[in-house]
Amino acid sequence: QVQLAESGGGLVQPGGSLRLSCTASGSISTISVIGWHRQAPGKERELVATVTRGESTYYADSVKGRFTITRDNAKNTAFLQMNSLQPEDTAVYYCAVKLDFISQWSGWGQGTQVTVSS
């Protein structure tokens with residue numbers, strides 16, 4: 001079972017950028033899907049972006065055009081580049097994986113806090 005650790009969060013002003021990292025305890029080269037999720041205070045966790053083994057990507061409408069998800073199999077790490085951040089992006093960001101396309105999300109880490117505020 002792969003374990004994940006998120007990092008790179010912090011406090012940023014509106015319009016700023018952050019790059020989140022999701023580092024796995026083992027190889028990610030065979031993992032079908034890596035996803036970034038977020039949970040804002042008082043809200044349910046939502047899927048933000050995914051990248052498949054074939055590097056196909058999906059983005060929630062709320063982040064499309066601002067966020068970019070990538071994976072570096074050699075470093076066992078996935079990234080979420082977040083640009084033009086807005087206060088509504090404030091949340092704890094988590095990464096998780098689907099070992100195959102029909103499995104549940106697994107490997108949840110502790111999350112990394114992103115706060116967008118002036």
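Residues numbered from 1 in each chain as written. Predicted model: local features only at pLDDT ≥ 70, side-chain atom pairs only at ≥ 80, totals over all residues. Heavy atoms only, no water.

## Some points on the packing of aromatic side chains
Given two aromatic rings, their pairing is described by the distance between the two centres and the angle made by the two planes. In total, this model carries one aromatic pair according to the counting rule given. Arranged with centres 6.3 Å apart and planes meeting at 80 degrees, the rings of Tyr94 and Trp108 form a pair that is edge-to-face. Of the two residues, Tyr94 is situated in strand β9 (residues 91–98) and Trp108 in the loop between β9 and β10 (112–116); the sequence distance between them amounts to 14 residues. Just above the ring of Phe79 sits the side chain of Arg19; from NZ or CZ to the centre is 3.9 Å. One residue, Arg45, lies across the ring of Tyr94, its end atom 4.1 Å from the ring centre. (Phe/Tyr/Trp six-rings, centres within 6.5 Å; stacked < 30°, edge-to-face > 60°. Helix = DSSP H or I, 4+ residues; strand = E, 2+ residues; numbered from the N terminus. Lys NZ or Arg CZ within 6 Å of the ring centre and 35° of its normal.)

## Some points on the state of the cysteines
This model, assessed by the stated rule, comprises one disulfide. With a sulfur-sulfur separation of 2.1 Å, Cys22 is cross-linked through a disulfide to Cys95. Measuring handedness by torsion sign, the sulfur bridge of Cys22 and Cys95 sits at about 80 degrees and is right-handed. Linking Cys22 in strand β3 (residues 18–24) with Cys95 in strand β9, this pair joins segments that are 73 residues apart in sequence. (Disulfide = S-S within 2.5 Å.)

## A short note on the pairing of strand β8 (residues 77–82)
For β8, a buried count of five out of six residues is recorded, marking the element as mostly surrounded by other parts of the structure. Relative to β8, β3 runs antiparallel, the two sharing six bridges. Across the sheet, residue Leu20 finds its bridge partner in β8, namely Leu80. One ladder, built from six bridges, connects strand β7 (residues 67–72) with β8; its direction is antiparallel. Bridging across to β8, Phe67 finds its partner in Met82. In sequence, β7 turns back onto β8 through a hairpin of four residues, with Asn76 there showing a positive phi of about 55 degrees. (Buried < 20%, exposed > 50% of the residue type's maximum accessible area, 1.4 Å probe, protein only. Pairing = 2+ DSSP bridges.)

## Here's the deal with the sheet that holds β3
Spatially, β1-β3-β8-β7 is the arrangement adopted by the four strands of the open sheet, whose pairing is antiparallel. Each edge of the open sheet is held by one strand with a lone partner, namely β1 (4–7) and β7. In this sheet, adjacent strand axes meet at a mean angle of 15 degrees when their direction is disregarded. (Axes fitted to C-alpha atoms, helices over the stretch in contact; angles between N-to-C directions.)

## Observations concerning unusual backbone geometry
Even without glycine at this site, Glu55 takes up a positive phi of about 70 degrees. In this structure Glu55 comes out as exposed when scored by relative accessible area, which is 57%.

## Things to note about the pairing of β3
When a strand is regular, its side chains alternate between the sheet's two faces. Where burial is concerned, most of β3 is hidden: five out of the seven residues are buried. Pairing between β1 and β3: four bridges, direction antiparallel. Along β3, the bridge assignment pairs Glu6 with Cys22.

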